[in-house]
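Structure assessment
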Amino acid sequence: MADAALDGGKKSDAFVISRAKLRRQRIAKFLGEGFLLAIASFVAIIVLFIFYFVAVDAIPFFQQRGFAEFFTSTSWYPADEPGEFGALAIIFGSAMVTIGSALIAVPLGISAAICLSDVLPFSVRQYAKPVIEMLAAIPSVAYGFFALVILAPLLQNHGGPILMWAWWLIAGPFVLLLVVVAGDLLASAVGGESESDVLRNVFTAVLGVVAVLFLYWVGKTLFAIQILTGTNALNVSLILSFMALPTIVSVSEDSLQAVGRELREGSYALGATRAETIVKTVLPAASSGIIAAVILGIMRALGETMVVWMASGNSSHIPDPWFNYLDSIRTLTATIAGDMGEADQVTGSARYHVLFAMGLLLLCFSFVGNFISERIVVRQRKILAGE
Amino acid sequence: MNIGTRKILDRSFTAVGLTSILLMALALLVVVVPIVSGGIGAIFFKGTIEHRKLQLREFDNGNREVLDRQIAESEPYRQEVFRMLDAFAAELETFEPTRKREYSSKVSSVKDIVSHLLGPVPGEPEPILLRFQYGTTRWEKAEESLHDLMFVTKWDTSNPEEMGKQYFVPRVDEFAGTSLAALFPYIEENLEKMLLPEQTFYWGFLTERSLDAHIFGGVWAEIQGTLFLAIGAMLFAFPMGVIAAIYFTEYARENVFTSILRSANSTLAGVPSIVFGLFGLAFFINTIKVSDSKSVLAGSLTLAIMILPTIIRAAEEAILSVPKTYKEASIGLGSTKWRTIVTVILPAALPGIITGGIISLGRAAGETAPIIFTAAVSVGATIGLGDVLTSPTPALSWNIYNLASEHEAANEIRHVQYGMVLALISIVLLLNLSAILLRARISKKLKG
Amino acid sequence: MQMTAEAKSSNQSASKSGASREIFLPPERDRVKDGGKPHLSAKNFSIFYGDFEAVKKIEADILSKYVTAIIGPSGCGKSTFLRAINRMNDLIPSCYTSGSLMFDGEDVYGKYTDEVQLRRKIGMVFQKPNPFPKSIFDNIAYGPRLQGVKEKKVLDEIVEKSLRKAALWDEVKDRLDKNALGLSGGQQQRLCVARTLAVEPEILLLDEPTSALDPKSTAKIEDLIEELRGSYTIAIVTHNMQQASRVSDYTMFFYEGDLVEYAPTKQLFTNPRDQVTEDYITGRFS
């Protein structure tokens, strides 16, 4: 064999190949890579197409009706002749449930993520992660069904007691904790270096009584509330927050894990407690990932259709007062889903195009949110690299 | 700060974390438990003789002899009810006109409930709608109707400050002194003998077609539609996603173009699902006209572009997790790059890629918004495989919405809705569970 | 296993468990003021990871204000032992200890011991420099702030003092507000030392502090240890035997979880009593 190769042997064995074969190989490689690239670029093309086709159907609306009515009026009567297309209340409704769900999901999600990454032992974490994935996998229409058929009647019939218990359970421990800390801080502010125990106990006791009275008063007020309709912004915010949670938890947990043991050990070795280590070292170092997680979670809530369509009440007005979460609202996504059925029959009308205008608005929001979260991550990476 | 306070803060911090996890678990239970128990109720319930009649006549399920015997058994009790109604009708003729008008409206609501319970009253014209041809098929519904029969619902609106309060008045009081007064205790006592409830395991809920817009029957058309749509979406998205992932992991150079492609991927992942629906309508149906109107094809294509980013990401991750040494070994043995990818990297990454695919399949099955304008119809028969290019289909996700929010008898068929939700959740969660198990096996294998 | 620190001089007899734990001080010229008391004493002290006994029944005193080097092949338990001293191993769920480890007469693993307060008194510097992604100033002020120091003036003082002790002040005094991750590896490690000194610990644990550094930075860290000797009790884990002989007064040699030999550094390196020690320091295995 070796002799044959030395003698010149068969051409196909040689590692120096003919020019024609080389060219064939190059062409094959070029074509192959081109094919792969074409498929990979497909995603980018789709994104462009989505923007283009949504915009193309949205622009006629703005040409016909201008921008002012859409963004400033709250009269939404698309079926009238001539129709009125004021989407302010609808945009407001979208903002309202998005903010409402963020208020619930962000603190809950971040503390759950911290708990998963730093508190629970690894064995528990192994089971918690799949559960969170399951949560994320439950289809939105199932959540919507729950909101409409189970949660809405509950809220409508037992709203006051539910609100009161939620207040007691959630605010109670936090307020009492606040009392302990505030008592301590006051004592050291007044007593200076000496930090007497008596002083601290007195302060804590006084504050504690005030806090309990406050808790009781708010609880009583909540108890008296009558919820007129269970399909309201609170219901939707609750469910949306629940849907945004898995995203927030898993993305922030990943970024908390990425902070690494070294930093945690450095902090512990300086005499920090676990809470101090997490709040002062780990969270700042993971902040970019957490912000990205929050943005992604909020985007999910904003873009969600089925839950809001089924359980928001779909009434296009700004609640009175504007922060009244117990009132029905209507969102962009639900409007698109609900009105297209009729508007589709009259392709080309303002009624049809206004829904694309809303879609374009949503698309822009999601694009900006995505862009910002990407920027933040990139910038933080640079900071961590010591720029 | 005092060390004691620092410790309290530390503990509370831990407590807050644990509480939030518990809250999430609790919320999951609160959502899943009623859905599961309600959904099981669609399949496993106390069925009345009407259910068995319907099954035998419409689907040819069940034992005719047993049923005939049971019909014969229940008939005397039913006859007694109809006899009382007839007797009262005769009595009504003797009343003076105002009293007659008053009582005939009262008795007609009694008749409505009775026919709702037991099926059409003999002698009246045969109803056209199937839902009126049979009595109540489920015992718990029969009990509800019995309550409606026994009591008249009234509203107390005396206090304008508050919402009206519901209260009940026994219906028998309305007929005090007439012959019909005896009907109410009779039905209350003998309803079970008229309907003969039995524990029923109605497997057909999953495999049979629906009758009269889901008033009776099963949800097979929806299940099949969901499967068509999800699998159709996978047929488009899976190969493309894997090929794109191969490009990103093995061929892409780190330059501006590649980073634009990557951003496009995450942008696509963030697009709200309803916008996909708009795009599907504007592009697939109105512009390139893959079908004249809604169709499974258009819906699958729309779902495909929605799940594409997920598949690409999962496949990328799976390919990247293949140890570099495999590749080096293969290249070192004189294999070409493409051969290495096909024969070494892809097989090693395959379980991971499939995991991502399964999860995406679940997502495609569960989504509603993208198919509203492109594929879903509210009421429809099962479609054949040959019709997928042109026909729309019912689908679980869409029909859950439709039955719960837009059906004229939404309150009457809650059990069907629960059953559909359970079917959908089961499909999605089973897919996810298998993906999770598959992944656990992969990581075990990697650890050795 | 009973170990004896053996040396010529013996003006100290504050031993805790009789003759076998006698304490010997280095020659007169190397002695430090007020040093040589048993600062940490391990009695029958074992560390387990689950069922695995990583460190086996240690009997030893670490003497105050001297530098003790801990050497041994990798996996011998030297780092585990060091991390057990300030209870860093608490972070590993399966890790537990038996026997006792006394610090200033108090049990480190006692029921009423607060590991947070303990870690403040026993500072630690790690293998890989781990500055927080904050400014240099905030890195040093981290510990004092935890203790409740808020006044800028006091913090300024502490920061300057600590950085001077760590021989870093001149290099960074003009950029205290810059991100610490912008420093070189050696500077980062000295920053970590300074950060530890800022909480005024009594004992300084160094876990292979130079293994990630270049020779020049290593020399600076070694100079720093020489500077700190006499002010702090220092225990340093190192895989570098030259380093151990350069910087330490005493040396512990660990092998497979056993403390094989513990002696004044010079003696251990010139006249090891144990065959395994000799094999190790002469490079027959590593």
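For clarity, every value in this text was computed on a predicted model and none was experimentally measured. (Residues numbered from 1 in each chain as written. Chains lettered and ligands numbered in written order. Predicted model: local features only at pLDDT ≥ 70, side-chain atom pairs only at ≥ 80, totals over all residues.)

**Description of the overall build of chain A**
Scanning chain A for helices and strands turns up 13 helices and two strands. A compact globule built from 387 residues would reach a C-alpha radius of gyration of about 21 Å, whereas chain A, at 29 Å, exceeds it by more than 25%. In terms of overall dimensions, chain A has C-alpha extents of about 100 × 75 × 40 Å along its principal axes. Expressed as a percentage of the 387 residues in chain A, the buried residues total 45%. At a minimum sequence separation of 6, the contacts of chain A that also span at least 24 residues come to 78%. (Helix = DSSP H or I, 4+ residues; strand = E, 2+ residues; numbered from the N terminus. Rg over C-alpha atoms; globule rule 2.2 N^0.38 Å. Buried ≥ 20, exposed ≤ 12 C-beta atoms within 10 Å, placed from the backbone. Contact = placed C-beta atoms within 7 Å.)

**Topic: the sheet that holds strand β1 (residues 38-49) of chain C**
Residue and element names in this part refer to chain C. Ordered in space as β2-β1-β4-β5, the four strands form an open sheet in which the pairing is antiparallel. Whereas interior strands pair on both sides, the edge strands pair on one side only; in this sheet they are β2 (52-63) and β5 (106-107). Looking at chain direction, β1 and β2 are connected through eight bridges and run antiparallel. Note on β2: the bridge partner recorded for S41 is D61. (Pairing = 2+ DSSP bridges.)

**Quick notes on the UniProt feature "transmembrane region" (unreviewed entry) in chain A**
All names here are of chain A. Under the UniProt annotation, "transmembrane region" (unreviewed entry) lies at residues 30-55, 85-110, 131-153, 165-186, 198-217, 223-245, 282-302 and 352-372. Segment residues 131-153 splits into 91% helix and 0% strand. End C-alpha atoms: 28 Å apart. Within the segment residues 223-245, helix and strand shares are 61% and 0% respectively, and the terminal C-alpha atoms sit 28 Å apart. (UniProt positions renumbered as here; feature names shortened; annotations may be inferred.)

**Structural notes on the interface of chain C and chain A**
Every contact between the two is made by 24 residues of chain C and, on the other side, 17 residues of chain A. Among the secondary structure elements, those contributing two or more residues to the side of chain C that touches chain A are α2 (115-121), β6 (122-125), α3 (136-146) and α6 (185-197) of chain C. If you tally residues by element for the side of chain C that touches chain A, the top one is α2(C), at four residues. In the side of chain C that touches chain A, the residues fall into 12 nonpolar, eight polar and four charged. (Nonpolar A, V, L, I, M, F, W, Y, C, P; charged D, E, K, R; others polar.)

**Focus on the confidence of the model for chain C**
Residues and elements named next belong to chain C. Of the residues in chain C, 90% have a pLDDT of 70 or more, and the chain-wide mean is 84. Note on residues 1-21: pLDDT under 50 across the span, and 46 contacts to partners over four residues away in sequence or across chains. Interface predicted TM-score (ipTM) for the complex: 0.90; the corresponding pTM is 0.86. (pLDDT = per-residue confidence, 0-100.)

**As for the interface of chain A and chain B**
Contacts between the two partners involve 73 residues from chain A, matched on the other side by 76 residues from chain B. In terms of residue class, the side of chain A that touches chain B is made up of 51 nonpolar, 14 polar and eight charged.

**Quick look at helix α6 (residues 183-195) of chain B**
For an α-helix the count is 3.6 residues per turn, leaving residues at separations of three or four pointing the same way. Taking the largest bend as the criterion, α6(B) deviates by roughly 55 degrees, centred on E189(B). Immediately beyond the C-terminal end of α6(B), within one or two residues, lies L196(B), with a positive phi of roughly 45 degrees. (Bend = angle between axes of the 7 residues up to and from the residue.)

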